[in-house]
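Given next are the chains, with one letter for each unit.
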Amino acid sequence: MFQNKRRAGALTALAAAAALVLAGCAVDSGTDGGSTEGSDGGNLSITFLPKNLGNPYFDTSSSGAKEAIDEFGGTFAEVGPAEATPDAQVSYINTLTQQGVGAIAVSANDPEAICDALNEARDAGVKVVTFDSDTNPDCRDLFINQATAEGIAKVQVDLIAEQIGDAGEIAILSASANATNQNAWIEMMKEQLAADHPNITLVDTVYGDDDDQTSFDKTAALLQTHPNLKGIISPTTVGIAAAARYLSTSEYKGKVALTGLGTPNQMREYVEDGTVTAFALWNPADLGYLAAYASKALIEGEITGAEGDTFDAGKLGSYEVGADGVVLLGDPFVFDADNIGDFDF
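Residues numbered from 1 in each chain as written. Predicted model: local features only at pLDDT ≥ 70, side-chain atom pairs only at ≥ 80, totals over all residues. Heavy atoms only, no water.

1. Notes on the environment of Leu 223
Just so we agree on the cut-off: Helical segments are the DSSP runs of H or I of at least four residues, strand segments are the runs of E of at least two, and each set is numbered from the N terminus. Burial classes follow relative accessibility: with a 1.4 Å probe on protein chains only, a residue under 20% of its type's maximum area counts as buried, one over 50% as exposed, and anything between as partly exposed. The contact criterion used throughout is that any non-hydrogen atoms of two residues lie within 4.5 Å.
Relative to the elements of secondary structure, Leu 223 occurs in helix 7 (residues 212-225). Residue classification places Leu 223 among the buried residues on the basis of a relative accessible area of 2%. In sequence terms Leu 223 and Tyr 252 are 29 residues apart; their C-alpha atoms lie 8.4 Å from each other. When near neighbours in sequence (up to four residues on either side) are disregarded, Leu 223 contacts Leu 229, Tyr 246, Leu 247, Tyr 252 and Val 256.

Right, dumping it as structure tokens:
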């Protein structure tokens, strides 16, 4: 089992940070973002651009971002599209560039589709931080990675293997077909399955586009198409909750295992009723919090994004920039019936 060993008191910090979820943070992309000066005159107006609005995962990451920005006296805003399509974020980036914000923190729907817009923002002096899902490295200053792709893939493969007795057919219910992080995890899952779990067969990968109803319908289709399916991995918080909702009232409850990445509040009822045994995630509030402090450090010139740069991230402590401008939050955490009651996000 993976556990978050990044710092002492992680469980307390998870619960405390996540309690700050503010689902109504979104602002109109046409609103003037203004600027807030830091102690050295830097513009601490920081706008978060998630893959899509109305997504509980990003509601939680934005709550952590707002907490951090309030701590250092900046201005927080959140904008974004209703649907997570490859180029849906471009117009928001262009508007934020025109507004002259200090930094944009974006979870990319596509590694390339928003690159031109982001580089125009950087040319205009806006710092660009990606979090959760990266662009090509030359399109941003830093990437705040929730955990290593290897670690995220491994925890999900290990969980499904344990739950189905390390043998049988499984499928993957992903987000969008172009999602950078999802595709990286899936490729590594395939490698790990082939290397370490020869008796597990991945029979299908489908995409719910981070939409609840689409993910629900894709789950139903998977089970009809593959009658011998023993398990589903859904590496997306929307997908795993929708799949659990379908399984919980179907003939497959208790027969088809489900794991992946989810939030405790979404998954609690399905763990308690036996639909789901265990799933994993990092703390998205901490991810947003770290992205906000990284944005501040870039704006104020404390770091440039070069390997070896270090910066302070408030209650999370000190972090170091790794190769290719990547900052690692920590390891995934496994939630199950024994600990899910300890968390509220």
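2. Notes on the packing of helix 8 (residues 237-248) against helix 9 (residues 264-272)
For any two helices packed against each other, one specifies the inter-axial angle together with the distance between the axes. Note the cut-off: Axis lines are fitted to C-alpha atoms, over the contacting stretch for helices. Their N-to-C directions set the angle, which ranges from 0 to 180 degrees. Orientation categories follow fixed angle ranges, with anything under 35 degrees roughly parallel, anything over 145 roughly antiparallel, 65 to 115 roughly perpendicular, and all other angles oblique. Helix crossings are classified by the rotation of the near helix relative to the far one: an anticlockwise turn of less than a right angle makes the crossing left-handed, while a clockwise turn makes it right-handed.
The contact between helix 8 and helix 9 brings their axes to 10 Å, and the two run at 25°. In terms of orientation, helix 8 and helix 9 fall into the roughly parallel class. The element helix 8 and its partner helix 9 pack so that their crossing is left-handed. Judged by residue contacts, Thr 237, Val 238, Ile 240, Ala 241, Ala 244, Arg 245 and Ser 248 of helix 8 engage Gln 266, Met 267 and Tyr 270 from helix 9.

3. Quick notes on empty space enclosed by the protein
Summary: where empty space remains is shown by rolling a probe the size of a single water molecule over the atoms. In plain terms, the rule: Only protein atoms enter the 1 Å grid used here. Points where a 1.4 Å probe fits but cannot escape make up a cavity, open sets with protein on both sides within 12 Å along at least five of seven lines make up a pocket, and a residue lines them when an atom lies within 4 Å of a point. Grid points are joined across faces, edges and corners, and a volume is the space filled by probe spheres set on the points. When residues are grouped by polarity, Ala, Val, Leu, Ile, Met, Phe, Trp, Tyr, Cys and Pro land in nonpolar, Asp, Glu, Lys and Arg in charged, and all others, Gly among them, in polar.
The tally for this structure, following the rule as stated, stands at 2 cavities of 30 Å³ or more. In this structure, the largest cavity is lined by 16 residues; those nearest its centre are Asp 132, Gln 182, Pro 235, Thr 236 and Thr 237. Looking at the lining of the largest cavity, the elements that each hand over two or more residues are helix 2 (56-71) and helix 6 (180-196). If one sorts the elements of the lining of the largest cavity by residue count, helix 6 sits on top with 3 residues. A class-by-class count of the residues in the lining of the largest cavity yields 8 nonpolar, 5 polar and 3 charged.

4. Observations concerning a negative patch on the surface
Quick reminder of the rule: Candidates for patches are residues over 30% relative accessible area with no salt bridge; among them, like charges are joined within 9 Å and nonpolar side chains (Val, Leu, Ile, Met, Phe, Trp, Tyr) within 5 Å. Calculation of accessible area relied on Shrake-Rupley with a 1.4 Å probe; when residues are assessed, cover is drawn exclusively from the protein chains displayed. By salt bridge we mean one thing: a side-chain nitrogen of Lys or Arg within 4 Å of a carboxyl oxygen of Asp or Glu. Charged-residue counts in this description rest on Lys and Arg as positive and Asp and Glu as negative, His and the chain ends being excluded. Note on charges: their place is set at NZ of Lys, CZ of Arg, CG of Asp or CD of Glu.
A surface patch of negative charge is lined by Glu 83, Asp 209, Asp 211 and Asp 217. Tracing the backbone through its elements, the reader meets Glu 83 in the loop between strand 2 (75-78) and helix 3 (90-99).

5. A closer look at the nonpolar core
Stated precisely, the cut-off is as follows: Within this scheme, the nonpolar core is defined by two criteria: the residues are buried Ala, Val, Leu, Ile, Met, Phe, Trp, Tyr or Cys, and they are joined through side-chain atoms within 4.5 Å.
Ranked by internal contacts, the top residues of the largest apolar core, which has 88 residues, are Phe 48, Ile 144, Trp 282, Leu 290 and Phe 311. Excluding anything up to four places from it in sequence, Ile 144 contacts Val 129, Thr 130, Phe 131, Asp 132, Leu 287, Leu 290, Ala 291, Ala 294 and Val 327. Within the second largest apolar cluster, 17 residues are counted, among which are Leu 49, Ala 117, Leu 118 and Val 128.

6. Description of the packing of aromatic side chains
Our working rule: Planes of paired rings set the category: under 30 degrees apart is stacked, over 60 is edge-to-face and the rest tilted, where pairs are Phe, Tyr or Trp rings (Trp by its six-membered ring) whose centres lie within 6.5 Å. Here, a charge over a ring means that NZ of Lys or CZ of Arg falls within 6 Å of the ring centre while also lying within 35 degrees of the ring normal.
Scanning the entire structure with this criterion turns up 15 aromatic pairs. Geometrically, the ring pair formed by Phe 335 and Phe 343 is edge-to-face, given 5.0 Å between the ring centres and 85° between the ring planes. In this pair, the class of Phe 335 matches that of Phe 343, namely buried. Site record: aromatic cluster; members linked through ring pairs are Phe 48, Tyr 57, Phe 58, Phe 76, Phe 131, Trp 185 and Trp 282. Its guanidinium or amino end placed over the ring of Phe 72, Lys 296 lies 5.7 Å from that ring's centre, counting from NZ or CZ. In this structure, Lys 315 is placed above the aromatic ring of Tyr 289, and the distance from its NZ or CZ to the ring centre is 4.9 Å.

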